[in-house]
Amino acid sequence: MDLRYSEEQEILKQSARDFLATECPKTLVRELERSEEGHSPELWKKMAELGWMGLIIPEEYEGIGYTFQDLTVLIEEMGRNVLPGPFMATVTATFPIMEAGTDEQKKELLPRIAQGELILTTAILEGAGVFDASGIALKATQKGNDFVISGTKLFVDMANVATHMICVARTDEGASPDRGITLFIVDASTPGIKWEVMPTTAQDKLCEVRFENVTVSAKNMLGKLSEGWPIVENMLRKGAIAKSAESIGAVQTCVDMTVAYAKERVQYDRQIGAFQALQHKMSDMWTAMETGRYLVYEAAWMESSGLPCTKEASMAKAYVNEVYRDVSKWAIRLHGAIATSDDHDIPLYYRRSKSADTAFGSTDFHREIVAQKIGLA
Amino acid sequence: MDFSLTDEQKRHSKEFYDTCKELGGKRPSSLVGFEAIYELDECWEYNLHCAREFGKKGWLALGWPSEYGGSGDMMDRVLFSEARGYYGTPGVDIFGVQMLAPTLLQAASEEIRKQFLPPIARGEAMWCELWSEPNAGSDLASLSATAVKKGDEYILNGQKTWNTGAHRADWGFGVFKTDPEARKHHNMTFLLLDMKTPGITIRPIPYLDGSAPYCEVYFDDARVPARNIVGQEHEGWAVVNLLAGFERSGINEIMSMMRGLEQLVAFCNETERHGRPLAKDPIIRNRLAQIACELEAARTLAYRVADLQNRNEMSLMDASAGKIFFSELGERFAYLACDILGPYGQLRSSRWAPLNGIWEKMFHEHFITTISMGTNEIQRNIIAWYGLGLPRMR
């Protein structure tokens, strides 16, 4: 047991921190929130030059071949700086390609992902808004060598700029909801696809995507016909861990900013940080962060080591969802009215806590998984 | 970042678990909760039995230098602690083994180490702590019990209080004012004393549940050999701080709660209410799942503390955060368990009590962990002042 970062991780972390501080100032974060795209191609290009999009892609596909754990270290830094744009969407969509893609699919996509040429996303949620298989109704019907997809996906992260989508479709009414689900790699420019950005709390470009008789070649099927749900589950699990790592990074900034402000702000002729009512709250914020942090690190380590970790991933997500929401709320509260202004940085974090808690499964969704895993009948 | 155990550690862990499980065969059913060992004679006897068994295996000296009979490292100590927590096995004196021994190894003279460490390692000498006084609780440095040096003895007068298991202990360690003229923090001496010394009177304090594991101790011209000192004369405060740094990682309480969760899950699966098992109640599922998340968070934080200790990089902040989180989690868990048990949640160990009344005991035993070893409010101050660097109001 050694709970320190590896030397490589320290370097990755530090270089990411320096890069994001320079290249992704909060002015850019705000600008992208307000823009239609929510994406900066210049920033994306620089990130690709650092190799970030190919971080976990094996070297044989022109990636860097780092581990999942290394990726979470990088993502934590992104969370710290509320990096906007399609990184998380792309990397999450990379997981199922690496896991279930044919060699041909990998050769075609992975090197281009690593180069930053492609932007990917996954289309899972629909009207029901749940991350279990019962929520998948969008139909893909086989016609010769093609499939025709029709239906509507919601909350598709950065579909507005994506070049490809991993679309989770129902190909069969199986014996149970998790049977009969198939994944397709869909070129976003295929005729019949229409998207619209949904107005979310974090203004983070979650989209409604309508598929109207969209034709996809059978060779773009990812994994086996009607046996795709386990791939989705694996992706959701990795996504939940990655999202939790991002949240912990964000929580760190909320704590740091609040402590710094408490040392600076003077009321009653003293720094407000000298008042124990505030000190204890900041202690609690820090403790909440640290308890969440090692839960995330444990899940990331297990995932990276190939150990079964459905329970631990769900624990991390369920727990950190609330830590992020509560700590960012208390960060506003301790700053006082000033931090309720949209010009202040803390609300960027607070608003994203809402987005983070729904991504890859809500608190209660993951608690139910935990309930099953601890043996409740 | 690596949470894995080496093959050797896994082997040790199995040995710890096997032994604790085996010792469970002799466990009296009256032993419910952590503090009960100090209560009934049969529980105290069981505690001594376990201590001697552990002593024979050398497990009370894990992480000590080999010249004092030590073996293994801090990680072994953590694994041992996990196993004991899981099976609720007593036998490791928190005062002697966990707090005093590492303090002696760092701060005591060779003579003192040679005299006091071997009986601790053998599980023969049981200790108590003599710190708090009626007017010196959180502000321990304002203590007033005195030790006046006369020849080669200190003569002790005054009162100590909240001394867990003092009525059972062979030895006590504590701080006494030795220089009334000196400024605070430089006026007290850390002494080791035989609890059978004439002039010492021990009175159990009735706790809110009717038990009495805590005592008050009166000193009336009690004579203690002057050589029974740890650290420098008048500089006992430094020793107090050192000892406080040897807080338990908390892992055994956490593992005890982990086992508590397993038992409660089984109870919910087996027990029907409203025509279905309790386990099918979505509210109970949600609440138990949340506690399970918090327990896992607690366990990983305990590993973090242990990992730091293992490299001698103790962080005051992490230890305080752990103390706050573990103790308050214990409260939350006990309240939840008692909610689930309904009216049975108020039953002490008896033929009506589910799970031998453990949750009724936990309902109030957790108070103590939020207060002892520095209240959780003091711990929050420590995080704020020493961790976050927030200013201290004078």
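Note that this is a predicted model, so its numbers are computed, not measured.

The next subject is the overall build of chain A. Secondary structure summary: chain A contains 11 helices and 10 strands in total. In terms of C-alpha radius of gyration, chain A reaches 21 Å, essentially the compact-globule figure of 21 Å for 377 residues. The C-alpha extent of chain A, read off along each of the three principal axes, is 80 × 50 × 40 Å. The burial tally for chain A puts 54% of its 377 residues in the buried class.

What follows covers the domain arrangement of chain B. All names here are of chain B. By domain assignment, chain B separates into domain 1 (7-92), domain 2 (128-244) and domain 3 (251-387). Domain 1 and domain 3 are separated by 21 Å when their C-alpha centres are compared. On the side of domain 3, 18 residues touch domain 1, which itself brings 15 residues to the contact. For the side of domain 1 that touches domain 3, the per-class residue count stands at 6 nonpolar, 5 polar and 4 charged.

Moving on: the pairing of strand β3 (residues 146-157) of chain A. Residues and elements named next belong to chain A. Pairing of strand β2 (residues 139-143) with β3, which is carried by 5 bridges, proceeds in the antiparallel orientation. By the bridge assignment, K143 is partnered in β3 with D146. Taking the residues between adjacent antiparallel strands as the criterion, β2 and β3 are bridged by 2 residues, where G144 takes a positive phi near 65°. Looking at chain direction, β3 and strand β7 (residues 206-217) are connected through 9 bridges and run antiparallel. Across the sheet, D146 pairs through a bridge with S217, a residue of β7.

What follows deals with the interface of chain A and chain B. Chain A puts 40 residues into the contact, and the matching count from chain B is 42 residues. Looking at the side of chain A that touches chain B residue by residue, the class counts come to 20 nonpolar, 11 polar and 9 charged.

With that out of the way, let us pick up the packing of helix α7 (residues 251-270) of chain B against helix α8 (residues 282-310) of chain B. All names here are of chain B. Their axes nearest at 10 Å, the elements α7 and α8 cross at an angle of 160°. Looking at the two axes, α7 sits roughly antiparallel to α8. Handedness of the crossing formed by α7 with α8: left-handed. Contacts between α7 and α8 involve I251, I254, M257, M258, L261, V265 and C268 on the former and, on the latter, I284, L288, I291, A292, L295, A298, R299, A302 and A306.

So, on to the environment of M285 of chain A. Residues and elements named next belong to chain A. By the secondary structure assignment, M285 is in helix α8 (residues 276-304). The class of M285 is buried, set by 25 C-beta atoms lying within 10 Å. Counting along the chain gives 270 residues from M285 to S15, while the straight-line C-alpha distance between them is 27 Å. For M285, the residues in contact, after removing those within four places along its chain, are V255, T258, V327 and W330.

This part is about the environment of G51 of chain A. Residue and element names in this part refer to chain A. With respect to the helices and strands, G51 occurs in the loop between α3 (41-49) and α4 (68-80). Assessed through the 17 C-beta atoms surrounding it within 10 Å, G51 is described here as partly exposed. Here the alpha-carbon distance between G51 and D172, two residues 121 residues apart in the chain, equals 39 Å.

All right, on to the nonpolar core then. Within the largest apolar cluster, 244 residues are counted, with the highest numbers of intra-cluster contacts made by I149, F184, V296 and V327 of chain A. Considering each element in turn, this core owes the most residues, 16 residues, to helix α7 (residues 229-264) of chain A.

Before going further, it helps to spend a moment on the confidence of the model for chain B. Close inspection of predicted coordinates is inappropriate in any region flagged by low pLDDT. For chain B, the mean per-residue pLDDT works out to 94, and 99% of the residues sit at or above 70. At the level of chain-chain contacts, confidence expressed as ipTM amounts to 0.95, with global pTM at 0.95.

Take the domain arrangement of chain A next. Residues and elements named next belong to chain A. Along its sequence, chain A is carved into domain 1 (7-118), domain 2 (121-228) and domain 3 (230-373). Between the C-alpha centres of domain 1 and domain 2 there is a distance of 23 Å. Across the boundary between the two partners, domain 1 contributes 17 residues, which contact 18 residues of domain 2. Taken together, the residues of the side of domain 1 that touches domain 2 break down into 9 nonpolar, 5 polar and 3 charged.

Glancing now at the environment of F267 of chain B. Residue and element names in this part refer to chain B. With respect to the helices and strands, F267 occurs in helix α7. F267 gets classed as partly exposed once you count the C-beta atoms within 10 Å, which come to 18. Not counting residues up to four positions away in its chain, the partners in contact with F267 are P354 and L355.

Residue and element names in this part refer to chain A. In this model helix α6 (residues 103-115) runs 18 Å from its N-terminal to its C-terminal C-alpha over 13 residues, within 8% of the 18 Å that 1.5 Å per residue would give. By the burial criterion, the buried members of α6 are L109, L110, I113 and A114. At its buried positions, α6 is contacted by α5 (87-100) and β1 (120-123). Phi turns positive, to about 85°, at G116, one or two residues after α6.

Conventions used here
Residues numbered from 1 in each chain as written. Chains lettered and ligands numbered in written order. Predicted model: local features only at pLDDT ≥ 70, side-chain atom pairs only at ≥ 80, totals over all residues. Helix = DSSP H or I, 4+ residues; strand = E, 2+ residues; numbered from the N terminus. Rg over C-alpha atoms; globule rule 2.2 N^0.38 Å. Buried ≥ 20, exposed ≤ 12 C-beta atoms within 10 Å, placed from the backbone. Domains from an automatic or database assignment. Contact = placed C-beta atoms within 7 Å. Nonpolar A, V, L, I, M, F, W, Y, C, P; charged D, E, K, R; others polar. Pairing = 2+ DSSP bridges. Axes fitted to C-alpha atoms, helices over the stretch in contact; angles between N-to-C directions. Parallel < 35°, antiparallel > 145°, perpendicular 65-115°, else oblique. Left-handed = near helix turned anticlockwise from the far one by under 90°. Core = buried A, V, L, I, M, F, W, Y, C linked by C-beta atoms within 7 Å. pLDDT = per-residue confidence, 0-100. Expected span 1.5 Å × (residues − 1).

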